[in-house]
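Listed below are the residues making up each chain.
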Amino acid sequence: MAKRDAYMAPRNPQQRETQDDLPTAQDRLKGIESWYENNKKILNGVLLGVLVLVAGLYAYNNFLQKPKNQKANEAIFMAQQYFAMDSMNLALNGDGNNYGFLKIIDKYGSTDAGNLSKFYAGRILLGNGEFDKAIKYLKDFDGEGTLVATVAQGNLGDAYMELGKTNDAIGHYKTATADDNDMFLTPLYLERLALAYELDGKEDKAIEAYKRIRTQFGSSTQARNAEKYLARLGDFSI
């Protein structure tokens, strides 16, 4: 953690230049494509466990929907493979022989695989810059109690940020940062929450978010960034 007196010497020209060179909130509002590229390993790593959602069928599925679920699970496999290979167009729309996520939603929307496809579709559309469509699918996705639900909430925040709806983004980022024990996703989306607060003119709330990163997630990359942005916002407390 940076020492307090390192920020408390405004008369030093070199320190003043460093402070002025920090990116503003507007500068940090990167495009979705660039942000995901930087955080792809963390976010896609979380998605490795999504098959748990498909495998965890509810009791009624075993009697009423078992055949449909089996077909849906078989259909989603290839789409997931394309997603893992970063072939997003094929994952979304299929390859002519295998369904993409959109077709799986259309044919098997009531199954667990159909539900999961809504998340995948929303995630891909977000990366494509189709923010309104992404919001539709992400809102339809039900991943309650899973890590994927956290990513979905963060993705919704990102989509609203890109549409300039920072207040809506804040609500979803707050949901995505509710778990104090998630050492990967929570600090990631806390930084986005703080940025949304800054853009919304709520600097006091932004300071609270940055302090939470620093206090609860001190070993994260976001904690190092938080120190810099707190200093820029005029908060020099330890």
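What you see is a predicted model, and the numbers here were worked out from it, not measured in a lab.

Time to look at the nonpolar core. One finds Phe101, Ile104, Phe119, Tyr173 and Tyr210 to be the most contacted residues of the largest nonpolar core, which totals 57 residues. In terms of residues, this core owes the most to one element, helix α12 (residues 185–199), which gives nine residues. Apart from residues no more than four positions distant in its own chain, Phe101 is found in contact with Ile76, Ala79, Gln80, Phe83, Ala91, Leu92, Ser117, Tyr120, Ala121 and Ile124.

All of the buried residues along helix α11 (residues 166–176) are Thr166, Ala169, Ile170, His172, Tyr173 and Ala176. On its buried face, α11 is in contact with α9 (131–140), α10 (147–162) and α12.

Aromatic ring pairs are described here by two measures, namely the spacing of the ring centres and the angle between the planes. Considering all chains together, one arrives at six aromatic pairs under this definition. Aromatic side chains Phe83 and Tyr120 sit 4.8 Å apart centroid to centroid with 65° between the ring planes, which places their arrangement in the edge-to-face category. Of the two residues, Phe83 sits in helix α5 (residues 66–84) while Tyr120 sits in helix α8 (residues 112–127), which places them 37 residues apart along the sequence. Under the relative-accessibility criterion, Phe83 is labelled buried at 7%. With centroids separated by 6.3 Å and ring planes inclined at 25°, the aromatic side chains of Tyr173 and Tyr189 adopt a geometry described as stacked. Of this pair, Tyr173 sits in helix α11 while Tyr189 sits in helix α12, placing them 16 residues apart in sequence. Like Tyr189, Tyr173 is buried. Ring-pair connections join several aromatic residues into one group, and the members of that group are Phe83, Phe101, Phe119, Tyr120 and Phe141. The ring of Tyr108 has Lys107 lying over it, and the distance from NZ or CZ to the ring centre is 6.0 Å.

Relative orientation of the contacting elements α5 and α8 amounts to 25°, with a least axis distance of 9 Å. It follows that α5 is roughly parallel to α8 by the angle criterion. In the crossing of α5 with α8, the sense of the turn from one axis to the other is left-handed. Here Asn69, Ala72, Asn73, Ile76, Gln80 and Phe83 of α5 come into contact with α8, specifically with Asp112, Ala113, Leu116, Ser117, Tyr120, Arg123 and Ile124. When grouped by side-chain class, the residues that make up the contact of α5 with α8 number seven nonpolar, four polar and two charged.

The rules behind the values
- Residues numbered from 1 in each chain as written.
- Predicted model: local features only at pLDDT ≥ 70, side-chain atom pairs only at ≥ 80, totals over all residues.
- Heavy atoms only, no water.
- Core = buried A, V, L, I, M, F, W, Y, C linked by side-chain atoms within 4.5 Å.
- Buried < 20%, exposed > 50% of the residue type's maximum accessible area, 1.4 Å probe, protein only.
- Helix = DSSP H or I, 4+ residues; strand = E, 2+ residues; numbered from the N terminus.
- Contact = heavy atoms within 4.5 Å.
- Phe/Tyr/Trp six-rings, centres within 6.5 Å; stacked < 30°, edge-to-face > 60°.
- Lys NZ or Arg CZ within 6 Å of the ring centre and 35° of its normal.
- Axes fitted to C-alpha atoms, helices over the stretch in contact; angles between N-to-C directions.
- Parallel < 35°, antiparallel > 145°, perpendicular 65-115°, else oblique.
- Left-handed = near helix turned anticlockwise from the far one by under 90°.
- Nonpolar A, V, L, I, M, F, W, Y, C, P; charged D, E, K, R; others polar.

Such coordinate-based values are descriptive only and should not be taken to indicate function.
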